[in-house]
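# What the coordinates show
Listed below are the residues making up each chain.
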Amino acid sequence: MLLIFQALEAILLRTVSNLSHFSVVGMNIVKKLIHSYVKLIYAALYSENCKMSRGCLTLLSAMVAQGPDSARDVCSHFDFNNKYLPGLLKKGFKKGRTDVRMACIQFALSFLVAGDNALLAQAWTCIKLRLPTHQWAKRDGSLQSGELGKYSRSL
């Protein structure tokens, strides 16, 4: 299943980057994945296998990168209030490779690529409510717990 996710991610990223005349194909892939295979995506996302979770998050990022319409579809069908979502931020590899935490950040930032300000505000609100803010403090103490909300209100 991981190989299928990686192949779909590569196709979607290719249609976004330099095969823009195939954007309709990319949108159809996103719609089919969202409407028919969302349970499979959730099962892979919250699995114990870190590689599967990372592959699923990068596929979701590629789906969001298709454009504002696909980003709205992903945002409206993705459950940001799932109780297992904060657990993804704790998954990682011990050898320093790209891990699930990096894929979570990539997924969150992919909404910036979509280019829709209303969607960005909605996604950021959902994402920031799920992030543990005490982990955002800098080592020198310049950003204390709770100050993240002050910076995010400017969006």
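Source: prediction; values computed, not measured.

Calculation criteria
Residues numbered from 1 in each chain as written. Predicted model: local features only at pLDDT ≥ 70, side-chain atom pairs only at ≥ 80, totals over all residues. Heavy atoms only, no water. Patch = residues over 30% accessible without salt bridge, like charges linked within 9 Å, V, L, I, M, F, W, Y side chains within 5 Å. Areas by Shrake-Rupley, 256 points an atom, 1.4 Å probe, with all protein chains shown as cover. Salt bridge = Lys/Arg side-chain N within 4 Å of Asp/Glu carboxyl O. Helix = DSSP H or I, 4+ residues; strand = E, 2+ residues; numbered from the N terminus. Buried < 20%, exposed > 50% of the residue type's maximum accessible area, 1.4 Å probe, protein only. Lys, Arg positive; Asp, Glu negative; His and termini not counted. Contact = heavy atoms within 4.5 Å. Expected span 1.5 Å × (residues − 1). Arc of directions from axis to C-beta. pLDDT = per-residue confidence, 0-100. Core = buried A, V, L, I, M, F, W, Y, C linked by side-chain atoms within 4.5 Å. Axes fitted to C-alpha atoms, helices over the stretch in contact; angles between N-to-C directions. Parallel < 35°, antiparallel > 145°, perpendicular 65-115°, else oblique. Nonpolar A, V, L, I, M, F, W, Y, C, P; charged D, E, K, R; others polar.

## A look at a nonpolar patch on the surface
- A cluster of nonpolar side chains, namely Met102, Ile105, Leu109, Leu112 and Val113, defines an oily patch on the protein surface of about 490 Å² accessible area.
- Note that leucine 112 resides in helix α7 (residues 100–114).

## Here's the deal with the pattern of salt bridges
- The full count for this structure, using the stated rule, is two salt bridges.
- Of the charged contacts in the structure, one is a salt bridge between aspartate 73 and lysine 31, with a shortest N-O distance of 3.1 Å. With aspartate 73 in helix α5 (residues 68–77) and lysine 31 in helix α2 (residues 23–36), the pair connects residues that are 42 residues apart, well separated along the chain.
- Note on lysine 31: relative accessible area 35%, which makes it partly exposed.
- Between arginine 72 and aspartate 69 there is a salt bridge whose closest N-O contact spans 2.8 Å. One end of the pair is arginine 72 and the other is aspartate 69, both in helix α5 and three residues apart, which spans about a single turn.

## Some remarks on the side chain of glutamate 9
- Mapping glutamate 9 onto the fold places it in helix α1 (residues 2–17).
- For glutamate 9, which is buried and forms no salt bridge, the nearest opposite charge comes from arginine 54, at a distance of 8.1 Å.
- Aside from chain neighbours lying at most four places away, what touches glutamate 9 is Thr58, Leu59 and Ala62.

## Section: α2
- The terminal C-alpha atoms of α2, which comprises 14 residues, lie 20 Å apart, in line with the 20 Å expected from a rise of 1.5 Å per residue.
- Residues Gly26, Met27, Ile29, Val30, Leu33 and Ile34 constitute the buried set of α2. Buried residues in α2, looked at end-on, bunch into an arc of 160 degrees, giving them a common side. Pointing more than 90 degrees away from the buried face of α2 are the exposed residues Val24 and His35.
- Buried residues belonging to α2 abut α1, α3 (38–45), α4 (50–64) and α5.

## A short note on the confidence of the model for the chain
- The pLDDT averaged across the chain works out to 78; a share of 75% of its residues lies at or above 70.
- In this model, residues 133–155 is a region of pLDDT below 50 whose contacts with residues beyond four sequence positions or in other chains number 15 contacts.

## A look at the nonpolar core
- Residues Leu57, Leu60, Met63, Phe78, Leu88, Phe107 and Phe111 are the most contacted members of the largest nonpolar core, which totals 37 residues.
- Only α1, α2, α3, α4, α5, α6 (85–88), α7 and α8 (117–130) provide two or more residues apiece to this core.
- If you tally residues by element for this core, the top one is α4, at nine residues.
- Here leucine 88 is in contact with Leu45, Tyr46, Ser53, Leu57, Val100, Arg101 and Cys104, once residues within four sequence places are set aside.

## Some words on the packing of α4 against α7
- At a closest axis distance of 8 Å, the pairing of α4 and α7 adopts a crossing angle of 5 degrees. One way to sum up the angle between α4 and α7 is to call them roughly parallel. Residue-level contacts link Cys50, Ser53, Arg54, Leu57, Thr58, Leu60, Ser61 and Val64 of α4 to Val100, Ala103, Cys104, Gln106, Phe107, Ser110, Phe111 and Ala114 of α7.
- Partitioned by chemical class, the residues of the contact of α4 with α7 number 10 nonpolar, five polar and one charged.

## Quick word on α3
- Buried within α3 are the following residues: Ile41, Tyr42, Ala44 and Leu45. Taken around the axis of α3, the buried residues stretch over an arc of 165 degrees, which confines them to a single face.
- Contacts made by the buried residues of α3 are with α1, α2, α4, α5 and α6.

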